[in-house]
Amino acid sequence: MKIQFALCTAIFLSSTLAASDDIKVSMTNLHSGVSAGIVTISSNQHGVVFTPELNNLPAGMHGFHVHEKPSCESSQKNGETVLGGAAGSHFDPEETAQHGTPWGNDNHKGDLPPLYVDEKGNASQPVLAPRLTFADLKGRALMIHANGDNYSDEPAPLGGGGARLACGVIE
């Protein structure tokens, strides 16, 4: 009986500790300023899992990336306002200057699998980033782009993701 109790306690504590280590990121629609929901970030033996609970987004596939700076503010580029531009570029600590797959070793470390938004505007399918760790994420931004992502810089730069749609700071 004591062994069963100890085992149950160990399982409970390990699951409680894991859950408390999760990071919750509040996402904001950059066009409307309204909440788009949250993304819960957790860690497992295969990498980092991003689990969205998002709503009121355009249906379809969207580029999904970790950006280098902890800001979702707008910035100016060539005289134009860039929504979420203060988040900087995709997280690229090795300075590869290449967009690519989440599992590749010669591209931005912040390149994530695309985010799927259903026909009702909701996203709930988790994505796995095998190269990232929690240490990589603190003090960065999580960005959803208007278009999909082809994991290449051709024919359009940065996978063709286009404008920044929603953003949240990873604290």
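Attention in this report is confined to the structure presented alongside it. These figures come from a predicted structure and were not determined experimentally. (Residues numbered from 1 in each chain as written. Predicted model: local features only at pLDDT ≥ 70, side-chain atom pairs only at ≥ 80, totals over all residues. Heavy atoms only, no water.)

### Some points on the pairing of strand β3 (residues 47–54)
Put simply, the rule is: Burial here depends on accessible area, computed with a 1.4 Å probe over protein chains only, as a share of the maximum for the residue type. Under 20% is buried, over 50% is exposed, and the range in between is partly exposed. Helix numbering and strand numbering both begin at the N terminus, where a helix is a DSSP run of H or I of at least 4 residues and a strand a DSSP run of E of at least 2. Should DSSP find at least two bridges between two strands, the strands are regarded as paired.
Within β3, 6 of the 8 residues are buried, which leaves it mostly tucked inside the rest of the structure. Sheet topology note: the strand β2 (residues 35–44)/β3 ladder contains 8 bridges and is antiparallel. Paired with Gly 37 across the bridge in β3 is Leu 54. A loop of 2 residues connects β2 with β3, the two strands running antiparallel in sequence. Sheet analysis places β3 next to strand β9 (residues 127–129), joined by 3 bridges and oriented antiparallel.

### What to know about the nonpolar core
Our working definition: For the purposes of this section, nonpolar cores are sets of buried Ala, Val, Leu, Ile, Met, Phe, Trp, Tyr and Cys residues that join through side-chain atoms within 4.5 Å. We call two residues contacting when some pair of their heavy atoms lies within 4.5 Å.
Ile 41, Phe 50 and Leu 142 are the most contacted members of the largest nonpolar core, which totals 27 residues. Beyond its immediate stretch of four places on either side in the chain, Leu 142 contacts Val 25, Met 27, Val 39, Phe 50, Phe 64, His 65, Val 66, Leu 112, Ala 166, Cys 167, Gly 168 and Ile 170.

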